[in-house]
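# A structural walkthrough
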4 protein chains.
Amino acid sequence: MDMNFAIRPEIKELLVRVSDMVRNEIMPLEVEYHAEIPKGNRWQFTARQAAILEGLKATARERGLWNFWLTDSARGVGLSTVEYAYFAEEMGRTPMGAEVFNCNAPDTGNMEVFERYGTATMRQNWLEPLLNGDIRSAYLMTEPDVASSDATNIAMSCVRDGDEYVLNGEKWWATGAGDPRCAVYIVMVRTGDEDQPKHQRHSMVVVPATAPGIEKLRPMQVYGADDAPHGHMHIRFVDVRVPAENLLLGEGRGFEIAQGRLGPGRIHHCMRAIGQAEVALELMCRRSVEREAFGRKIAQLGANFDIIANARMKIEQARLLCLKAAWMMDRGDARAAAPWISQIKVVAPQVALEVIDQAIQMFGAQGISQDVPLAAMWTHVRTLRLADGPDAVHRRQVARAELRKYTQQKL
Amino acid sequence: MDMNFAIRPEIKELLVRVSDMVRNEIMPLEVEYHAEIPKGNRWQFTARQAAILEGLKATARERGLWNFWLTDSARGVGLSTVEYAYFAEEMGRTPMGAEVFNCNAPDTGNMEVFERYGTATMRQNWLEPLLNGDIRSAYLMTEPDVASSDATNIAMSCVRDGDEYVLNGEKWWATGAGDPRCAVYIVMVRTGDEDQPKHQRHSMVVVPATAPGIEKLRPMQVYGADDAPHGHMHIRFVDVRVPAENLLLGEGRGFEIAQGRLGPGRIHHCMRAIGQAEVALELMCRRSVEREAFGRKIAQLGANFDIIANARMKIEQARLLCLKAAWMMDRGDARAAAPWISQIKVVAPQVALEVIDQAIQMFGAQGISQDVPLAAMWTHVRTLRLADGPDAVHRRQVARAELRKYTQQKL
Amino acid sequence: MDMNFAIRPEIKELLVRVSDMVRNEIMPLEVEYHAEIPKGNRWQFTARQAAILEGLKATARERGLWNFWLTDSARGVGLSTVEYAYFAEEMGRTPMGAEVFNCNAPDTGNMEVFERYGTATMRQNWLEPLLNGDIRSAYLMTEPDVASSDATNIAMSCVRDGDEYVLNGEKWWATGAGDPRCAVYIVMVRTGDEDQPKHQRHSMVVVPATAPGIEKLRPMQVYGADDAPHGHMHIRFVDVRVPAENLLLGEGRGFEIAQGRLGPGRIHHCMRAIGQAEVALELMCRRSVEREAFGRKIAQLGANFDIIANARMKIEQARLLCLKAAWMMDRGDARAAAPWISQIKVVAPQVALEVIDQAIQMFGAQGISQDVPLAAMWTHVRTLRLADGPDAVHRRQVARAELRKYTQQKL
Amino acid sequence: MDMNFAIRPEIKELLVRVSDMVRNEIMPLEVEYHAEIPKGNRWQFTARQAAILEGLKATARERGLWNFWLTDSARGVGLSTVEYAYFAEEMGRTPMGAEVFNCNAPDTGNMEVFERYGTATMRQNWLEPLLNGDIRSAYLMTEPDVASSDATNIAMSCVRDGDEYVLNGEKWWATGAGDPRCAVYIVMVRTGDEDQPKHQRHSMVVVPATAPGIEKLRPMQVYGADDAPHGHMHIRFVDVRVPAENLLLGEGRGFEIAQGRLGPGRIHHCMRAIGQAEVALELMCRRSVEREAFGRKIAQLGANFDIIANARMKIEQARLLCLKAAWMMDRGDARAAAPWISQIKVVAPQVALEVIDQAIQMFGAQGISQDVPLAAMWTHVRTLRLADGPDAVHRRQVARAELRKYTQQKL
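Cut-off values and rules
Residues numbered from 1 in each chain as written. Chains lettered and ligands numbered in written order. Predicted model: local features only at pLDDT ≥ 70, side-chain atom pairs only at ≥ 80, totals over all residues. Heavy atoms only, no water. UniProt positions renumbered as here; feature names shortened; annotations may be inferred. Helix = DSSP H or I, 4+ residues; strand = E, 2+ residues; numbered from the N terminus. Rg over C-alpha atoms; globule rule 2.2 N^0.38 Å. Buried < 20%, exposed > 50% of the residue type's maximum accessible area, 1.4 Å probe, protein only. Contact = heavy atoms within 4.5 Å. Areas by Shrake-Rupley, 256 points an atom, 1.4 Å probe, with all protein chains shown as cover. Lys, Arg positive; Asp, Glu negative; His and termini not counted. Charge placed at Lys NZ, Arg CZ, Asp CG, Glu CD. Core = buried A, V, L, I, M, F, W, Y, C linked by side-chain atoms within 4.5 Å. Buried area = accessible area lost by both parts, 1.4 Å probe. Salt bridge = Lys/Arg side-chain N within 4 Å of Asp/Glu carboxyl O. Nonpolar A, V, L, I, M, F, W, Y, C, P; charged D, E, K, R; others polar. Domains from an automatic or database assignment. Least-squares fit on C-alpha atoms with pLDDT ≥ 70 in both. Polar contact = N/O pair within 3.5 Å; in protein donor to acceptor, adjacent residues only side chain to side chain. Phe/Tyr/Trp six-rings, centres within 6.5 Å; stacked < 30°, edge-to-face > 60°. Expected span 1.5 Å × (residues − 1). Axes fitted to C-alpha atoms, helices over the stretch in contact; angles between N-to-C directions. Left-handed = near helix turned anticlockwise from the far one by under 90°. Pairing = 2+ DSSP bridges. Parallel < 35°, antiparallel > 145°, perpendicular 65-115°, else oblique.

The name recorded for chain A in an unreviewed UniProt entry is (R)-benzylsuccinyl-CoA dehydrogenase, from Roseovarius aestuarii. Recorded under Sequence similarities (unreviewed entry), the UniProt text for chain A is reproduced unchanged: "Belongs to the acyl-CoA dehydrogenase family." For chain A, the Subunit (unreviewed entry) comment in UniProt is given as "Homodimer."

Shown next, in the form of structure tokens:
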């Protein structure tokens, strides 16, 4: 009953500038940016690609449209989570959006980790260049051999050896680790044994991408695409050594760090998904009033009115739910906000997938092709139903939060 | 981006009092109130029923918890539509809720009509007793012989004859017209012919329930129940005469009146449906942690976690959408608010029906019986998918509003 | 790959006669039959009701259209389950259908029980008059105080006392027990204790409806309707005594009897539901080509083409699945057929409910009223999602059958 | 009521051999076959790929497991459509399946066209090598500039010039045209003008892939994958000349040929989709009994029982519907069978997509990767909702067939 999703006037002005840049300067370059996939070594940027991306970044930075994600820091604009949500939606309209404004995952989450828990050296080596958009980073969590939906299964070995830790094991779906600019990883490892409580057996370690013993086995494909030059890498660690101080916060505190990291990140992901759903709905509507079949506008055929109306209704509801989750987050009680984050984590990708799929259907075969951004949007959003916990795990969280109102019993 | 769903502190205090009275004083009397269906003539209140209902009304009125619906009038509390929405949800938790606080449909809409367009006589005869909760009223719109989803089909004849109008035709689904306290009808009639624009052919007429020529043909049943002593009547008008001044606002202005009437009414209906969905979810959760089968709590069986989580996610979204529609309404641009009203008109009943149905399933056969309120809630909410325009008509409105962003063409 | 859903030519001829009688002789009398609900004592047949029903029964019997359910007996027509399925669909088109041909539940199941396990006395007292359509019977399974979805919870006490058994406890949802012609009950009781295997603790007992100690507490309502004069009774047993021979087959064999009883019964229920879905689709189509709104036939508006197409596709699939379950049944391996029965038990009612609901929506407010049979069809079919095991239990059976292909482990 | 889905014993024996070969000889080579994507020129077969594919083909042919699709010809096995459907399901379990047995689209349809309407030269040049599996072919229908869902929009120009026809225009989604073995195209063109009836303006022309003036513009991507070395080509025709006899059957008879071509082809597609759904369900079940999370088998978590049960129920129903469509086809009345083909065209891909998507979700991130066949299956089946008419067009056909039962009016 105190819910307020309004943003301050000066922030609204800023948002309009982001929105304009997204629509008028970034989106028009999208096709060119993506068309130029390098032959041969796909894991590099062509000169033209680099020019487009770095040019847009420079422009954004000059305009002060940079690092919005620093929601509560003196270094950023000082957006609330609710305010940031609106920015995330706008940036989400195009795949380049987040990076142009230096607000892209997993860098934002990693930067937060460095800021809160990093040593001075880490801040200098990794945080500063990340804040400047000079390097990129990856977050290594998921492993091929265990069900990572239950993160307590994570098994990568990390053993203390004098002043160092030695890491062994495999990680996959290291998003962005294929990017030639990716310089550092934050890695979830297992440091504790069965004697310790389930959520105190794991730690987070900072590992330079160039550390000896790291082998990039292959890019993981997403519905057949390798997402070069960015990509999701399958990586093997063989006796990778890092200084002991690279273990963040202390042994066994990995989940503590992860929790703080994931809340806002999920809201960003979800609002970006809403941005994509809006793009899909716009494409669908434009198509339906331009194209004809059977003597009528496509809009007037079959269930298309209903499809469009349902899309609008679902997007509105999903957005409002995200804003509510953001508002809960802003109230400062992470525990109370958690089930709301879980709710949007389920809802927003599902809505976006459904709307994008409907738009694809409205475009016919063109919809699944490289000529419209819909297919790429779909596969990207599809990964969100798995990343940071599959739907089923989040539904479980929501249900348990609901049932706790009526029983003390642990269900 | 200016969205604010907060309510003022003094209003919140009021809301808490309503909420407490609903839960602690009204709901406990529900079973007793409904159990006592009079045998023989079902269209009357038994002494005990009257005592319960009028007693609660008197209490509410004494406490100043009365006529909240007067959202923008000096006579009411002066709630905004957003604020009222929260009250509607609370009152919606029980079938008696709205009436106890004199906020029940169709009286609220009818009172608004009397207040805005009524003569001094009408205000004295009908508005005052309605504001006091002494009489009730009905709104006669739908007709058996035409598709009322397209309200321009309405055909009841209304012909000027000197100082009078003469009405002939049939109306049905006159909700509340079976109530022995129902004293007056507002009736949509056709006064114009084909020469006039489609939306200027109809008028609204005030008709006393006792006017000669009115015959109550039968109660319409809702899934087999007659909803006595309230009920939905099928009524025939044969040469029913009213003074010419009983035609409100002027010939051909029926739709103009209807539009103003329906917006807030739909929000109230929808928020009451949300209230019922919350009750259903609560019942479902309580059942699922109390009852056992196959050696486990029902909550732990099958897809029940998912069912509970989905219910929570859908209710939250539907509520937020209703609040947004209310907020749009408060901004004063009825035309801009219209598609939002249509959105909630589709969404809220569907969500409530789904949650109630799931709750019924969780209760087993008891769920469809008179022992729990779920079945009655379901049939009541089911009527909302038809009343004030079926889903299909509202989806069409939403789609057309969406497409207008991209084309001038009328689709 | 051996699947054959064909029926023999002579049976097809019989089916056509049933179909004709349903459409041309029974359905035209439906409205009159149901309109006449007796005032005062609702649990009796008016003279006109009795005349209609008994007249139709006499006609059917004369024509040899009688007791089709006797699928594999020398006394019946000797239909296979597949063949009977087609008859059930036809009879299911109208609520009177099954009874007119003496194929109504729960009598058919009860007759089978008497035939297989009954004593000579029982056959004479109950089976013969049931086969003649002179009396009716009820099947008392569900209890108010336990989750009957897990039938091993059933708790009605049945204690041997010399040559008699003494029954104590409550049953509810005794369908048909309100019918004044209902003369006998088959009752599931608990005879064993914790020492015995879970499925050998229960027995079935034959109890005359007139036995001292039986009290009909009240009719259970289905969405507000009492289904008089047939009805679902809540019944209390206080020291009800029956001869020991009334316990069928032996103590602890209740589930053995129930299993044999439920398989075909579920197929009949499901095919009757398909019959109702067909009626709903026909009503929907007729309405949509007759009624106009917004200047077009309703069929041409909104998503109605899709709604009609989806209804057709779902009905076809559900019918074929029922036929497959029937065909599995005919192969004689009840254990192999069980998951198929569970499948249709979930699918058929859901499809019927969806189609009926869509038809209701297409009819507008008339759809939920007494003027079309849709609302009554809906509430009737809704009970099928609970009777004989709720959906969740049957889905569980289907899933476990599937998983057994890949693991020995009991899940 | 005459429905019979049984297959002859000798055919069943043949089917078992196909099924065994699919599971034991083809599927084990799948990973190796697909892993080896040639770098550089992707539109060729590596030696190892060719060896695998041609080896399997030779084996199949030797065993007489070849050209099953010749359903009613003296040259084939003489399968009925129902019988062939079972084979299509088995072959559909693996992407190589259909080709190994020389039953792959679009070659089967093209071969039928050559057989029915081809000249002696065509039979010699194209039909024989196709029957032998020596070359491949493509079918060019869809165009980039028109809504091909309404095939009367097809616009490629084809003008008579002496003894030749001259073709100009663009086609896309020419499936298989990227295959280096693809030697011939069947092309839908427009030969008539507005004066002629809508369905008599088009013709089919046979065009050698090497004809001067043909330019392969690019491969169309399907969700980011180019499906090399097979692929879907975007092709431009500039003054492509063919002998006049290459126009099949006569000017204006294109749709006549297309109709005969599409019916069985759609059944094959749908049954192959069922085969894929079965593979997905099997993978899902195996995963769910092998993998653990939160201390239990995945099968036992959340809604997984329901997901598995629903998958089984939907697959069964979709298969039965396909068999019914096949059976309708076998009855010889193509017009009567048409709405059944439309039904399965909507149902089978949707069911397969849903089951595959659920399987992907059960596998977590691995599900969308190259490590399991699910993602590739999903994108493949997704194209079926667009190819040969989008869902909306087929639903419309089904609805109109339904409504024709009740009205003469053309809707």
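Back to the text.
## Here's the deal with the overall build of chain A
Looking only at helices and strands, chain A has 12 helices and 9 strands in total. Taking 411 residues into account, the globule formula puts the C-alpha radius of gyration at 22 Å, and chain A, at 22 Å, falls close to it. If you line up chain A on its principal axes, its C-alpha atoms span 75 × 60 × 45 Å. Taken across its 411 residues, chain A has 61% of its residues classed as buried. Look at the contacts in chain A between residues 6 or more apart in sequence, and 72% of them connect residues 24 or more apart. With the model as given, the accessible surface of chain A reaches about 15,100 Å², and the carbon-plus-sulfur share is 49%. If you average the places of the 49 positive and of the 52 negative side-chain charges in chain A, the two averages end up 4 Å apart.

## Considerations on the nonpolar core
One finds Phe 101 of chain A, Phe 101 of chain B, Phe 101 of chain C together with Phe 101 of chain D to be the most contacted residues of the largest nonpolar core, which totals 480 residues. Other than its neighbours up to four places away in sequence, Phe 101 of chain B contacts Val 18, Met 21, Val 22, Ile 26, Ala 60, Leu 65, Trp 66, Asn 67, Phe 68 and Met 91 of chain B.

## Comments concerning the interface of chain C and chain A
At the interface, 4 residues of chain C touch 4 residues of chain A. Here chain C meets chain A over a buried area of about 320 Å², counting both sides, of which 47% is carbon and sulfur. The interface formed by chain C and chain A contains 0 salt bridges. Grouping the constituent residues of the side of chain C that touches chain A by class yields 1 nonpolar, 1 polar and 2 charged.

## Topic: the domain arrangement of chain A
Residue and element names in this part refer to chain A. Domain assignment breaks chain A into domain 1 (9-131), domain 2 (136-247) and domain 3 (255-403). With centres defined by C-alpha atoms, the gap from domain 1 to domain 3 works out at 21 Å. Listed as interface residues are 23 residues of domain 1 and, on the opposing side, 22 residues of domain 3. Taken together, both faces of the contact between domain 1 and domain 3 bury some 1,900 Å²; the carbon and sulfur share is 61%. It is Thr 81, Glu 89 and Arg 93 in domain 1 that bury the most area against domain 3; as a group they hold 30% of the surface buried on that side.

## Remarks on the relation of the copies chain C and chain A
Copies of the same chain, two in number, are related to each other by a rotation about an axis and a translation along it. The two copies are related by a screw operation: chain C maps onto chain A through 180° of rotation and 0.0 Å of translation along the axis, at an RMSD of 0.0 Å. Viewed as a symmetry operation, the transformation between the two copies matches a two-fold axis. Residue Ala 303 of chain C of chain C places its C-alpha closer to the rotation axis than any other residue of that unit, at 2.0 Å. An overlap of 100% is found between the interface residues of chain C and their copies at the interface of chain A, pointing to a shared contact surface.

## Describing the interface of chain D and chain C
The interface is formed by 50 residues belonging to chain D together with 49 residues belonging to chain C. Around 4,600 Å² of area is buried between chain D and chain C when both sides are counted, 70% of it from carbon and sulfur atoms. Connecting chain D to chain C are 8 salt bridges. Here Asp 306 of chain C ties to Arg 395 of chain D by a salt bridge, and the two come within 3.7 Å at their closest N and O atoms. There are 14 residue pairs in polar contact (both at pLDDT 80 or more) connecting chain D and chain C. Looking at the side of chain D that touches chain C, the elements with two or more residues in it are α1 (9-26), α8 (254-290), α9 (304-330), α10 (334-363) and α12 (391-403) of chain D. Per element, the largest residue contribution to the side of chain D that touches chain C is 15 residues, and it comes from α9 of chain D. Residue classes in the side of chain D that touches chain C are distributed as 27 nonpolar, 8 polar and 15 charged.

## A look at the packing of aromatic side chains
Residue and element names in this part refer to chain B. Considering all chains together, one arrives at 24 aromatic pairs over all chains under this definition. Ring plane angle 40° and centroid distance 4.7 Å describe the contact between Phe 68 and Phe 87, whose orientation is recorded as tilted. Remark: Phe 87 occurs in helix α4 (residues 81-92) and Phe 68 occurs in the loop between α3 (47-62) and α4; sequence separation between them is 19 residues. Both residues of the pair, Phe 68 and Phe 87, belong to the buried class. Relative to Trp 173, the ring of Trp 172 lies with its centre 6.3 Å away and its plane at 65°, an arrangement referred to as edge-to-face.

## As for the UniProt feature "domain: Acyl-CoA oxidase/dehydrogenase middle" (unreviewed entry) in chain A
The sites that carry the UniProt feature "domain: Acyl-CoA oxidase/dehydrogenase middle" (unreviewed entry) are, in the present numbering, residues 138-235 of chain A. Helix and strand shares over residues 138-235 of chain A are 0% and 48% respectively, and the end C-alpha atoms of the span are 12 Å apart.

## A look at the environment of Glu 170 of chain B
Residues and elements named next belong to chain B. Along the chain, Glu 170 turns up in strand β3 (residues 164-175). A sequence separation of 167 residues divides Glu 170 from Ala 337, and the C-alpha atoms of the two residues are 33 Å apart. Those residues in contact with Glu 170 that lie beyond four places of it in its chain are Glu 143, Pro 144, Met 156, Leu 217, His 234, Ile 235 and Arg 236. Separated by 2.8 Å, the side chains of Glu 170 and His 234 make a polar contact.

## Quick word on helix α9 (residues 304-330) of chain A
Between its first and last C-alpha atoms α9 of chain A spans 39 Å; for 27 residues at 1.5 Å apiece the expected length is 39 Å, and the two agree. Once α9 of chain A finishes, Gly 332 of chain A follows within two positions and takes phi at roughly 95°, a positive value.

## So, the packing of helix α4 (residues 81-91) of chain C against helix α9 (residues 304-330) of chain C
Residue and element names in this part refer to chain C. Here α4 crosses α9 at 145°, and the two axes come no closer than 8 Å. In the packing of α4 onto α9, the handedness of the crossing is right-handed. Along the contact surface, α4 presents Thr 81, Val 82, Ala 85, Tyr 86 and Glu 89, while α9 presents Arg 319, Leu 323, Ala 326, Trp 327, Met 329 and Asp 330. In terms of residue class, the contact of α4 with α9 is built from 7 nonpolar, 1 polar and 3 charged.

## Digging into α12 of chain D
Residues and elements named next belong to chain D. An ideal rise of 1.5 Å per residue puts 18 Å on 13 residues; α12 measures up with 18 Å between its terminal C-alpha atoms. For α12, the tally of buried residues reaches 10 of 13 residues, placing the bulk of the element in the interior. Those residues of α12 that sit buried are Asp 391, Val 393, His 394, Arg 395, Val 398, Ala 399, Arg 400, Ala 401, Glu 402 and Leu 403.

## With respect to the relation of the copies chain D and chain C
When chain D is fitted onto chain C, the two copies agree to an RMSD of 0.0 Å after a turn of 180° and an axial shift of 0.0 Å. In this assembly the copies share their binding face: 98% of the residues contributing to the interface of chain D also contribute to that of chain C.

## So, the pairing of strand β1 (residues 136-140) of chain B
Residues and elements named next belong to chain B. Of all 5 residues making up β1, 5 are buried, and the element is well covered by its neighbours. Here β1 shows no split at all, with Arg 136, Ala 138 and Leu 140 on one side and Ser 137 and Tyr 139 on the other all buried. With 5 bridges joining them, β1 and strand β4 (residues 182-190) adopt parallel strand pairing. Each residue of the ladder has a partner; that of Ser 137, found in β4, is Val 184.

## Let's talk about the pattern of salt bridges
Taken as a whole and assessed by the stated rule, the structure comprises 152 salt bridges over all chains. One salt bridge connects Arg 385 of chain A with Asp 391 of chain A, and the closest N-O pair in it is separated by 2.7 Å. In the salt-bridge network here, residues are joined through shared partners; they are Glu 89, Glu 278, Arg 312, Glu 316 and Arg 319 of chain A together with Lys 324, Glu 402 and Lys 405 of chain B.

## Digging into the packing of helix α6 (residues 107-117) of chain A against helix α8 (residues 254-290) of chain A
Two quantities define a packed helix pair, namely the angle between the helix axes and the distance between the axes. Residue and element names in this part refer to chain A. Following both chains from N to C, one finds α6 and α8 inclined at 135°, their axes separated by 10 Å at the closest point. When the axis of α6 is compared with that of α8, the two are oblique. For the crossing formed where α6 meets α8, the hand is right-handed. Where α6 abuts α8, its residues Gly 109, Asn 110, Glu 112, Val 113, Arg 116 and Tyr 117 lie against Ile 257, Gly 260, Arg 261 and Pro 264.

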